[in-house]
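Understanding the architecture of this molecule
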Amino acid sequence: MNMGTKLQKIVEILSKKYEINEWWGRYTPFETLVSIILSQRTYWKNVKTATERFAERFNGVGDVAKASVKEIEEVIRPAGLYKVRARRIKNIARDLIEKYDGKLDEILNLPYDEAKKKLITIKGIGPKTADVFLMATKGEQVLPVDVHIFRIMKRLRIACERDDYESLRAKLESEIPPVQRTKTHLILIEFGRRICRARNPKCEECPIKRYCEVRKNDLAMPNI
Ligand code: SF4
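Taken as a whole and judged by the stated rule, the model has 19 salt bridges. Here lysine 83 and glutamate 73 are joined by a salt bridge, their closest N and O atoms 3.8 Å apart. Remark: glutamate 73 occurs in helix 5 (residues 69-76) and lysine 83 occurs in helix 6 (residues 82-100); sequence separation between them is 10 residues. Counted as one network, the salt bridges with shared partners bring together Lys116, Asp131, Glu166, Arg169 and Glu173.

Once that is clear, we can look at the packing of helix 2 (residues 29-39) against helix 6. It is the contact of helix 2 with helix 6, at a shortest axis distance of 11 Å, that shows an interaxial angle of 150°. Judged by the twist between their axes, the crossing of helix 2 over helix 6 is right-handed. Contacts from Phe30, Leu33, Val34, Ile37 and Leu38 of helix 2 reach helix 6 at Arg85, Arg88, Ile89, Ile92, Ala93 and Leu96. Residue composition of the contact of helix 2 with helix 6, by class: 9 nonpolar, no polar and 2 charged.

So, on to the environment of lysine 123. Topologically, lysine 123 is positioned in the loop between helix 8 (112-119) and helix 9 (127-138). Taking the C-alpha atoms as reference points, lysine 123 and arginine 88, separated by 35 residues in sequence, lie 8.2 Å from one another. Setting aside anything within four residues of it in sequence, one finds lysine 123 in contact with Ile92 and Asp95.

Attention now goes to helix 11 (residues 165-175). Turning to helix 11, its buried residues are Tyr165, Leu168, Arg169, Leu172 and Glu173. Burial along helix 11 is one-sided: seen end-on, the buried residues are contained in an arc of 130°. Along its buried surface, helix 11 packs onto helix 1 (6-17), helix 8, helix 9, helix 10 (147-155) and helix 12 (181-194). The opening residue of helix 11 is aspartate 164, an N-cap whose side-chain oxygen sits 3.3 Å from the backbone nitrogen of glutamate 166.

Below, the discussion takes up the site of the ligand. Around the ligand, 9 residues are found, and the nearest of them are Cys196, Cys203, Cys206, Cys212 and Arg215. Classifying every residue of the shell around the ligand gives 6 nonpolar, no polar and 3 charged.

A few words now on the domain arrangement of the protein. Each assigned domain of the protein is listed here: domain 1 (6-18 + 144-217) and domain 2 (29-138). Averaged C-alpha coordinates put domain 1 and domain 2 at centres separated by 26 Å. With 11 residues of domain 1 at the contact, the number on the domain 2 side is 11 residues. Approximately 890 Å² of surface area, both sides summed, lies buried where domain 1 meets domain 2, with 59% of it carried by carbon and sulfur atoms. When the buried surface of domain 1 facing domain 2 is broken down by residue, Pro144, Tyr165 and Arg193 rank first, second and third, together holding 46% of it. At the junction of domain 1 with domain 2, the criterion picks out 2 salt bridges. Of the charged contacts, one joins glutamate 166 and lysine 116 as a salt bridge, the two residues approaching to 2.7 Å between their closest N and O atoms. On the surface where domain 1 and domain 2 come into contact, there are 5 residue pairs in polar contact (both at pLDDT 80 or more). Mapped by element, the contributors of at least two residues to the side of domain 1 that touches domain 2 are helix 11 and helix 12.

About the criteria used
Residues numbered from 1 in each chain as written. Predicted model: local features only at pLDDT ≥ 70, side-chain atom pairs only at ≥ 80, totals over all residues. Heavy atoms only, no water. Salt bridge = Lys/Arg side-chain N within 4 Å of Asp/Glu carboxyl O. Helix = DSSP H or I, 4+ residues; strand = E, 2+ residues; numbered from the N terminus. Axes fitted to C-alpha atoms, helices over the stretch in contact; angles between N-to-C directions. Left-handed = near helix turned anticlockwise from the far one by under 90°. Contact = heavy atoms within 4.5 Å. Nonpolar A, V, L, I, M, F, W, Y, C, P; charged D, E, K, R; others polar. Buried < 20%, exposed > 50% of the residue type's maximum accessible area, 1.4 Å probe, protein only. Arc of directions from axis to C-beta. Polar contact = N/O pair within 3.5 Å; in protein donor to acceptor, adjacent residues only side chain to side chain. Near = heavy atom within 4 Å. Domains from an automatic or database assignment. Buried area = accessible area lost by both parts, 1.4 Å probe.

What follows is the structure in structure tokens.
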């Protein structure tokens, strides 16, 4: 009999449902960072197309820092929200050059806490983006909490109103062993995209509905 916690049981059920794809690996650290920025609320296919175009057109951080916002917009257009994102990417490139001479590799050589501290000094990189980046480029065993994971955890009443990014991450990491964290992050996002959507979640076909407090008690659905 499985005596795991509610979170562990949920992850076990969802792991059997979804194939996950570690999409990083073939890009440089800076291209991976751009890809993470483009992936927020975007279909993978469009992220892939935009990242490939970006990797083909630009040659490193310095090149992007010098490019015009218009040029970046054109390249990343397939991912959508390209005006806001192009400005963000350009600012990150400029900040990286000014603060760290564009040397992302040197940041990556630091221990997790120090690397994260440096990354979040860059305007446009928050704790979640920093964690996903360190997970993707260094294999750091963290469990970044994105908007899907936050919503799912609220609906399951694993997250409470007081939780912020770091407290929820710590809560999830205390239950999920380090080697399973990347997979868990990806699986939960897949579940959030397909079933436990912000609007109109597919509760009827949800494989974990018996664990869902919102559903069981007919409570207001947090749409975040
Ligand atoms: S029952 Fe509905 S709200 Fe609850 S976890 Fe499943 S999809 Fe999300």
